[in-house]
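# Tertiary structure, described
Each chain is listed here by its residues.
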Amino acid sequence: AVVSTQSTGKTLSVKELFRSKQWDKAQELRGSRFSKKIAICRMMAVSEIQPHETHRTVGVLCIGAPAPGMNSGIRALVKIAAYHGDTVKVFYEGVHGLISGNCKVVTPAECEVWGMIGGCAIGASRKTITDENIGFVKEQLKSLDALVIFGGFEAIYSSLTLAKVAPLPIYVIPATISNNVPGSDFSLGCDTALNSIVRAVDSIKQSAASTRKRVFILELMGGNCGYLTVMSGIACGADAVYIPEHPVKIDELQADASKVIDKMERGVHRGIIMRNEYSSPNYKNDFVAALYAEEGAGKYVVRNNILGHIQQGYSPSPFDRCMAAQFASKVYRNLEKRLVQESFTAEDVVVVGVIGSNTLFTPVTKLEMDKERRVPTKSSLRWLELKPLIPILSLPPPIVKTEVGQEDKIKD
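What comes next concerns the included structure. All values derive from a computational prediction rather than experimental measurement.

### Digging into the overall build of the protein
Looking only at helices and strands, the protein features 13 helices and 16 strands. In terms of principal-axis extent, the alpha carbons of the protein reach across some 85 × 65 × 35 Å. Each of the 412 residues in the protein was classed as buried or not, and the buried ones make up 50%. Look at the contacts in the protein between residues 6 or more apart in sequence, and 76% of them connect residues 24 or more apart. Total accessible area on the protein is roughly 19500 Å²; 53% of this is exposed by carbon and sulfur atoms.

### Description of helix 10 (residues 250–265)
Because an α-helix completes one turn every 3.6 residues, residues spaced three or four positions apart along the sequence face the same direction. Taking 1.5 Å of rise per residue, the 16 residues of helix 10 would be expected to cover 22 Å, and the 23 Å separating its terminal C-alpha atoms lies within 8% of that figure. Immediately downstream of helix 10, the backbone of Gly 267 shows phi near 105°, a positive value.

### What about the pairing of strand 9 (residues 270–276)?
The element strand 9 is largely enclosed, with a buried count of 7 among its 7 residues. Burial along strand 9 is two-sided: Arg 270, Ile 272, Met 274 and Asn 276 and Gly 271, Ile 273 and Arg 275, pointing in opposite directions, are all buried. Where strand 7 (residues 214–220) lies against strand 9, 7 bridges are found, and the strand directions are parallel. Bridge pairing in strand 9 links Arg 214 to Arg 270. Bridging between strand 8 (residues 240–242) and strand 9 involves 3 bridges; their strand directions are parallel. Note on strand 9: the bridge partner recorded for Val 241 is Met 274. Handedness of the β-α-β unit built from strand 8, helix 10 and strand 9 comes out right-handed.

### Re helix 3 (residues 32–44)
With 13 residues, helix 3 ought to run about 18 Å at 1.5 Å a step, and its terminal C-alpha atoms sit 18 Å apart, in line with that. As for helix 3, its buried residues are in contact with helix 4 (70–83) and helix 12 (318–338).

### What to know about the packing of aromatic side chains
Counted according to the given criterion, the structure contains 5 aromatic pairs. Between Tyr 171 and Phe 361, the aromatic rings sit 6.1 Å apart at their centres with planes inclined by 80°, giving edge-to-face as the arrangement. With a gap of 190 residues between them, Tyr 171 in strand 6 (residues 170–174) and Phe 361 in strand 12 (residues 358–363) connect regions that are remote in the sequence. Judged by its relative accessible area of 23%, Phe 361 is partly exposed. Geometrically, the ring pair formed by Tyr 227 and Trp 383 is edge-to-face, given 5.9 Å between the ring centres and 85° between the ring planes. Pair noted here: Tyr 227 is in helix 9 (residues 227–236) and Trp 383 is in the loop between strand 14 (375–376) and helix 13 (389–393), with a separation of 156 residues, a long-range link. For Trp 383, a relative accessible area of 9% puts it in the buried group. In this structure, Arg 199 is placed above the aromatic ring of Tyr 314, and the distance from its NZ or CZ to the ring centre is 4.1 Å.

### Points about a nonpolar patch on the surface
Taken together, the side chains of Leu 386, Leu 389, Ile 392, Leu 393 and Leu 395 present a nonpolar region at the surface, about 460 Å² in accessible area. Structurally, Leu 386 is set in the loop between strand 14 and helix 13.

### Things to note about the environment of Ala 293
In this fold, Ala 293 is placed in helix 11 (residues 285–295). Under the relative-accessibility criterion, Ala 293 is labelled partly exposed at 33%. Through-space distance from the C-alpha of Ala 293 to that of Ser 158 is 45 Å; in sequence the pair is 135 residues apart.

About the cut-offs
- Residues numbered from 1 in each chain as written.
- Predicted model: local features only at pLDDT ≥ 70, side-chain atom pairs only at ≥ 80, totals over all residues.
- Heavy atoms only, no water.
- Helix = DSSP H or I, 4+ residues; strand = E, 2+ residues; numbered from the N terminus.
- Buried < 20%, exposed > 50% of the residue type's maximum accessible area, 1.4 Å probe, protein only.
- Contact = heavy atoms within 4.5 Å.
- Areas by Shrake-Rupley, 256 points an atom, 1.4 Å probe, with all protein chains shown as cover.
- Expected span 1.5 Å × (residues − 1).
- Pairing = 2+ DSSP bridges.
- Right-handed = clockwise from strand over helix to strand, strands pointing away.
- Phe/Tyr/Trp six-rings, centres within 6.5 Å; stacked < 30°, edge-to-face > 60°.
- Lys NZ or Arg CZ within 6 Å of the ring centre and 35° of its normal.
- Patch = residues over 30% accessible without salt bridge, like charges linked within 9 Å, V, L, I, M, F, W, Y side chains within 5 Å.
- Salt bridge = Lys/Arg side-chain N within 4 Å of Asp/Glu carboxyl O.

Coordinates in, geometry out; function isn't part of it.
Here it is, written out as structure tokens:
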């Protein structure tokens, strides 16, 4: 009660501070996070490089598949660098540009509209930095004071190679729809991809509900990470999800098909089954669709759908845009501390990650991951705890008794 009274008092005092034009004190009462977001907005408002006592050059490239939010992150980095009197040099086509020197200094005005554009404006490539090409890369790094890499696991592999030489501070900003980067709960692009999936599945559900007694088997992206499948399964009310982290057995597929039959008999005339593209090397979409069709013969019709690359499209969501700006801001604040060092080690090659409510800088050499499967260790997958919700949320409606003892089925 005391804490509640204090919070109410602070909230009411904000109004009085505004009236007396004490803006700084009013902002302070909103909390440190609010103040940091105000600071980001001010830095992002610059349209040209600001005068500053020092000038540094920060390199940027994208390694891996394009992801919504990459452009937002580059734009934020260019703006924040300009606010501090620095410039950003982008390397086109990922590592190809870094090796060949295909680069350009981008001004705030040039990237003004990048924030709302999906994909990757400077080009992304799956080519990685290896022991074979590190010599060419080191030559390009001589003109930089720091390097920022946007990407997924390919970016992690490249940063591990760079950690062997560590000629300057290097930051990896997670950017992949798969959300499989160790050291962070979120990657740029995964929220946009999730929104794309939900839009598509909602349309499919309307079709299923209209035509009655249809079961849709949907294949989603995500590589060896089931994040998109689990989260979209919860959001869309899937009847079952199949992911690489929990390999499915044939008896589970049959049991899930039986549950869908029971659901149909209770008046719910549609079924949604979601599987990650790599959930099983043998039980692929065609097999799962055939099994459900056989088990439910005469009771429902099965349709097979692969959502494909629509999951990588669309403009970045507001969440991804804001997260990109926060990543860029955190990188620059941390960079200010590292640049006072006379030399750099593998500890200065880090992944910028959001873990819970905290932003952490984890050296790539200390990441917990399964390099062969290209995923974080299962113990660090916080979202995996939500998977048990799916069978609960997809429970069929109960059968209620009427006064005359007859059974009434609750319709979907």
